[in-house]
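# Residue-level structural notes
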Amino acid sequence: MVGKGLDPIFAQGSAPGQSAIAVVRLSGKLPDSLYDELKIYEDERSFFLREINFGDFADSCLVLNFPAPGSYTGESMLEIHSHGNQLIVAEIFRWLEERGLREAEPGEFSKRAFLNNKISLVQAEGVSLGIEAETKDQLVALDSFRSGVLSKKIENVMSQLNGVLVELEAQLDFSDEEDVIDTKSGAIQDSLSCVLVELADLLKNYGPFEKNSLKKRVVLVGRPNVGKSSIFNSLLNEDVAIVSQEAGTTRDIVRKVLPLSGFEVEVEDTAGLRPETNDAIEKSGMVLTVKAAESADFLIYVTDDPEEIVPKEFRDRSFLVFNKCDLNPAPSSFSGLSVSAKTGEGIGVLLEKLKSLATSSSGQKLISERTHKKLEKAMKILSKEAGGADFFEMTAQNIRDANQELNEIYGELDNEKILDQIFNNFCIGK
Amino acid sequence: MNSIFDLVVIGGGHAGVEAVLAGKRMGLNVALITLDKTKTGRMSCNPAIGGIGKTHLAKEIDALGGYMAEATDLSGIQFRTLNKKKGPAVQATRAQADKELYEKTIQAKLKKEQIDVFEDEVIDFEEKNCEVFAAVGKNKKYKAKAFVLTTGTFLNGAILIGSNKREGGRIDEKKASGLEKFFDKQNLMLGRLKTGTPPRLARETINFEVLEEQPGDQEVCYMSFLENKNHHPKQVSCYITKTNKRTHDIIKKNIKKSAMYSGLISGVGPRYCPSIEDKIMRFSSKDSHQIFVEPEGLESNWVYPNGISTSLPREVQEEYIRSIEGFESAEILQQGYAVEYDYIDPRNLEKTLRLKNLKNLFLAGQINGTTGYEEAGAQGMVAGINASLLVQKKAEWIPQRQNSYMGVLVDDLTRFGVSEPYRMFTSRAEHRLVLRQDNADERMFEAGIHMGLINKEREEVFLKKQKEKKQNLEQLRKTKIKFGDQIKTAHDLCKRNDFTMEDVKGTLEKTNKRFGETYYDIRYSGYVDKQRRELEKMRNLEEHDLGLIFDYAEVVGLSGEVKEKLNKTKPKNLLEASGVEGITPAALNVLAIHLKKIDAIRTS
Ligand SMILES: Cc1cc2nc3c(=O)[nH]c(=O)nc-3n(C[C@H](O)[C@H](O)[C@H](O)COP(=O)(O)OP(=O)(O)OC[C@H]3O[C@@H](n4cnc5c(N)ncnc54)[C@H](O)[C@@H]3O)c2cc1C
């Protein structure tokens, strides 16, 4: 008895890293020798405690059997739950490879599930978002994708566009008919502008989901030599940024991901800002700082002078931190947080602050990158300027092209490339 | 004696004429069988060729060496460009034809090409192993290697006027029958469609003084790419009048007497060509409708009042006609009538217009559910060419949507079928901007030359035009224009909206009469690229062979309906599958993945 499906594959189903248990999933035409070795009947849907011998050592694993077709992929599947150590997982991988299995391509499990009619394409995409969604608002976004709130909005845009198209086509194909009165291009332009406003709204309220868009970016800014790099290092609890007495040591942006019990933020240390430098490299470092600050989710403005007036471009968006409180404490009138990178005082409070930031909602709902791209494309096509004698035909063409983009969001996809794209973004093994 | 031909075309309407001429150009031994020789090439309804979308087809027929456009140039008594205020993709040359001169011109052409024309009625086909070997006429049998059938409005045609229903394919012409039994044997269901025509009026009884005159264009324009090779006869004007409240009252009062409203007609008529009864009943808020008063010929006293086709009884026709300004004392020469006829669901056809279950029988024209001379001619072309290619044992030719209205036509018909008589509109073409009437020659040239449809004369005319366009292009490229501190070429300006075509032209030293075409080639070059990409994508689809899938029930991810359709149609490859009704791009993806899966299993 061998398993059913395509060539057998495996992948880690749990997040890599230290955890209580690690899950490795197997799917496809699993070799009968494997079932024999594990003393499992291929069609017995159950779980078994098995001591698996990896040669150098053995681990006590829980093995779950999902016979085809009642499994996630629709193929024969096994799940091996081992102790959550990456080394053990690596051993399991090697052990499986010796038995003729190969590691799955990204998204291959879901692709098979889709092939075997287990999930729909939209579901597949939703699932792929679900795996990677970590904050609450992303899950809400998923909800609106699945529940059809978004699709209603897109449909609405399309039906408005079709309304304009009908008007245009009448002008083009039936201009010689008595009933078709000349429409002015201005009127068409007006109706289109209304649709554009709605599309722009959609784009504003639904952001593209990218893996990195999950991480909130926190940027440290301030004058040179106030201790930004020291705070950076103590937040991360390691020496990443170079620290020196000399003002202007940090000239490039130093980035590091800070794990905060289940969440992550990206912290960026930047070159200090001072108007009086002549050093070209330092100047260009400052340009980078301003840029990083502009696109940051959150700013920490570091100072060592409680009297300092925060520059107005940062004022509203930053959290004020007074460093070096071990040397002289801030006056009681100081509104920010006092810390000492040196002694670690206040750093814990700062970390808490960052954590609440990481889990807060940005108000923007997320949709897949593909969907967002389509919306953007439709917007771009419709914003194309049309004019001249061929205004009507050009505008009609633009609407048709835009509608095609919108059609491809919910409706069906146009070619295999798109499908591959979705599955490539997929977390393997779910 | 039974004759043996390469190609036999049945029906001397617009479809049949183009089909038989195409076969002749391709060097075949051809014959045309028709009910009445003297009516070959007859315009059954309005005396005009062209219209938005229709002209595009006429020009494509011409580009493949067909005769419709030349005959129009030789018999056209008024030429006008429609949609002049819009861009070139939707502009269309429309010609008013001298009806009699038109058919005489067609008949002279058939004679000149020495095509055997037989007067006979084909009532059956003899067939063995899905191959037709003879058309059975009432007089004799016609053997051939391939057949094109174009019965127009004649197959079991019925003429309807008021409560009167009689047999006939056109007024005063008999119907054709017998073939319905053949189709029945082939398990092909026939459907009924209908169309109508207005009463014809005597010119001398119309008061033209009170009518608005509508002259043709000042500038001479031609339907054929051969342009001034064919000289137009004398040019005349058309006129405009309109219905009024009294007309409407008369029609409303008598509506029950119309064949269309009395339940006499079962066939579906074209929505875009409604009878006056329909216009008045469906758009009751309108109190007037326009009528174009078109002469049917220079010598003829027949006048065609365009816009008031009807199937009301004669006395009502007379009454409402005379309620119209200018028609107060008009005499009716021929009553308006509706005709109902058999057609075949075109989904039974390959894109070559060959019947799927017969190896060598092609169908073209009204029998496939279309309406219009140009639509018929275009299909005649596709069917005639492919029947000839079959005889020559050469690969078939399928026009594509991406580069021709012919492609749009055969694709729409064979994929979606028809629910009412099908007519061409530019909005049916996704690639409208690049499917212009003026570049039909470029779009068809390669195929035309390849299949031997284009003679030396046409080729020279074509190459000369290309040369002229190239000269303009060179001028555009080398003319530099200063914008502040930037230098642009005139070529760059073609895509900008703040410069009109005239503005750009004004910057050039010299241009020729092809300037507009050159300008729009550049302006739409982005769309040409897109069109090319799509054609490439299609070629890719063609490479996916579906021969390995024997039962679509096995393909997971397809809906039951789609599976059933695929099992029924058995497409050869993904391209063909994409043409099956209801097949979405997602379904194609599922098929592509399934193919990969099969491949994986076979190679593992
Ligand atoms: C009353 C009426 C109203 C119309 N109204 C419109 C309109 O509003 N708009 C529009 O675009 N078009 C209209 N037309 C349609 C237009 O005339 C046709 O679309 C066009 O002529 C179709 O061309 P065809 O070649 O398919 O057929 P036809 O022009 O009908 O030619 C058919 C030919 O086949 C021959 N034939 C038929 N059966 C046999 C047989 N068994 N054996 C031998 N010969 C046979 C006939 O003699 C005839 O020569 C109308 C036609 C009629 C009759």
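Since the model is a prediction, treat every value here as computed from it, not as a measurement. (Residues numbered from 1 in each chain as written. Chains lettered and ligands numbered in written order. Predicted model: local features only at pLDDT ≥ 70, side-chain atom pairs only at ≥ 80, totals over all residues. Heavy atoms only, no water.)

### Focus on the overall build of chain A
Counted only if it meets this: Starting at the N terminus, helices and strands are each numbered in turn, a helix being any DSSP run of H or I of at least four residues and a strand any DSSP run of E of at least two. Categorising residues by exposure relies on relative accessible area from a 1.4 Å probe, with only protein chains included: less than 20% of the type maximum marks a residue as buried, more than 50% marks it as exposed, and the intermediate range marks it as partly exposed. Note on definitions: a residue-residue contact is assigned when non-hydrogen atoms from the two residues lie within 4.5 Å. Throughout, the Shrake-Rupley method with a 1.4 Å probe supplies accessible areas, and for residues the shown protein chains are the sole cover considered.
Assigned secondary structure in chain A consists of 14 helices and 14 strands. Buried positions account for 49% of the 430 residues belonging to chain A. In chain A, the proportion of contacts linking residues at least 24 apart, taken out of those at least 6 apart, comes to 63%. Entry remark: accessible area of chain A is about 20600 Å², with carbon and sulfur atoms responsible for 52%.

### As for the sheet that holds strand E1 (residues 9–12) of chain A
Strand pairing in a sheet is mediated by backbone hydrogen bonds. Such pairs are either parallel or antiparallel. Residue and element names in this part refer to chain A. Under the convention used in this document: Should DSSP find at least two bridges between two strands, the strands are regarded as paired. In this analysis an axis means a line fitted to C-alpha atoms, helices contributing only their contacting stretch, and an angle means the value between N-to-C directions, from 0 to 180 degrees.
In spatial order, the strands read E3-E4-E5-E2-E1-E6; together these six strands make up an open sheet with mixed pairing. Bordering the open sheet on either side are strand E3 (46–53) and strand E6 (102–103), each of which pairs with just one other strand. In the packing of helix H3 (residues 108–115) onto the sheet, contacts are made with E1, strand E2 (21–27), strand E5 (77–83) and E6, and the angle to E1 comes to roughly 125 degrees.

### Observations regarding the site of the ligand
Residue and element names in this part refer to chain B. The following threshold applies: We call a residue near a molecule or strand whenever a single non-hydrogen atom of that residue lies within 4 Å of it. Polar contact criterion, stated in full: a pair of N or O atoms within 3.5 Å, where within protein one must be able to donate a hydrogen and the other to accept it, and residues adjacent in sequence count only if both atoms are side-chain atoms. Following the grouping adopted for this structure description, the nonpolar residues are Ala, Val, Leu, Ile, Met, Phe, Trp, Tyr, Cys and Pro, the charged ones are Asp, Glu, Lys and Arg, and the polar ones are all others, Gly among them.
Neighbouring the ligand are 34 residues, the closest being Ala15, Val122, Cys273, Gln366 and Gly372. Separating an oxygen atom of the ligand from a backbone N or O atom of Gly372 is a distance of 2.7 Å. Breaking the shell around the ligand down by element, the ones donating at least two residues are helix H1 (14–25), strand E2 (30–34), strand E12 (190–197), strand E19 (337–344) and helix H9 (373–391). For the shell around the ligand, the class distribution of residues is 13 nonpolar, 17 polar and four charged.

### What to know about the domain arrangement of chain A
The criterion, for reference: All the domain ranges listed were derived from an automatic or database domain assignment.
Per the domain assignment, the segments of chain A are domain 1 (9–119), domain 2 (125–209 + 366–410) and domain 3 (216–359). Summarising the inter-unit geometry, the C-alpha centres of domain 1 of chain A and domain 3 of chain A are found 46 Å apart.

### Brief notes about the pattern of salt bridges
What counts is decided by this rule: Salt bridge, as used here: a side-chain nitrogen of Lys or Arg that lies within 4 Å of a carboxyl oxygen of Asp or Glu.
The final tally for this structure, using the stated rule, is 68 salt bridges over all chains. The salt bridge involving Glu75(A) is made with Arg112(A); its shortest N-O contact spans 2.9 Å. Residue Glu75(A) is located in the loop between strand E4 (58–66) and E5, and its partner Arg112(A) is located in helix H3; the two are separated by 37 residues in the primary sequence. Arg112(A) shares its class with Glu75(A); the two are buried. One salt bridge in this structure joins Arg42(B) and Glu103(B), with 2.9 Å as the shortest N-O distance. Of this pair, Arg42(B) sits in the loop between E2 and strand E3 (48–49) while Glu103(B) sits in helix H4 (residues 99–112), placing them 61 residues apart in sequence. Residue class for Arg42(B) comes out partly exposed when judged on its relative accessible area of 24%. Residue Glu103(B) is classed as buried on the basis of its relative accessible area, which comes to 4%.

### Concerning the domain arrangement of chain B
In terms of domains, chain B is made up of domain 1 (200–340), domain 2 (470–527) and domain 3 (544–603). When each unit is reduced to the centre of its C-alpha atoms, the spacing between domain 1 of chain B and domain 2 of chain B is 45 Å.

### Overview of the sheet that holds strand E14 (residues 212–214) of chain B
All names here are of chain B. Taken in spatial order, the six strands make up an open sheet running E14-E15-E16-E17-E13-E18, and their pairing is antiparallel. The two strands at the open ends of the sheet, each matched to only one other strand, are E14 and strand E18 (332–334). Strand after strand, the sheet turns through a mean of 35 degrees between neighbouring axes, direction not considered. Relative to strand E16 (residues 290–295), strand E15 (residues 238–242) is paired through four bridges, and the arrangement is antiparallel. Its bridge partner lying in E16, Ile240 is registered against Phe292.

### Describing the packing of helix H2 (residues 54–63) of chain B against helix H11 (residues 440–450) of chain B
All names here are of chain B. Put simply, the rule reads: Just so you know how the angles are binned, under 35 degrees is roughly parallel, over 145 roughly antiparallel, 65 to 115 roughly perpendicular, and the rest oblique. Crossing handedness is defined as follows: a turn of the near helix away from the far one that is anticlockwise and smaller than a right angle gives a left-handed crossing, while the clockwise case is right-handed.
The interhelical angle for the contact between H2 and H11, taken along N-to-C directions, is 40 degrees, at an axis separation of 8 Å. Our classification of the angle between H2 and H11 gives oblique. Handedness of the crossing formed by H2 with H11: right-handed. Seen from H2, the contacting residues are Lys59, Glu60 and Ala63; seen from H11, they are Ala440, Asp441, Arg443 and Met444. Of the residues assigned to the contact of H2 with H11, the class counts are three nonpolar, no polar and four charged.

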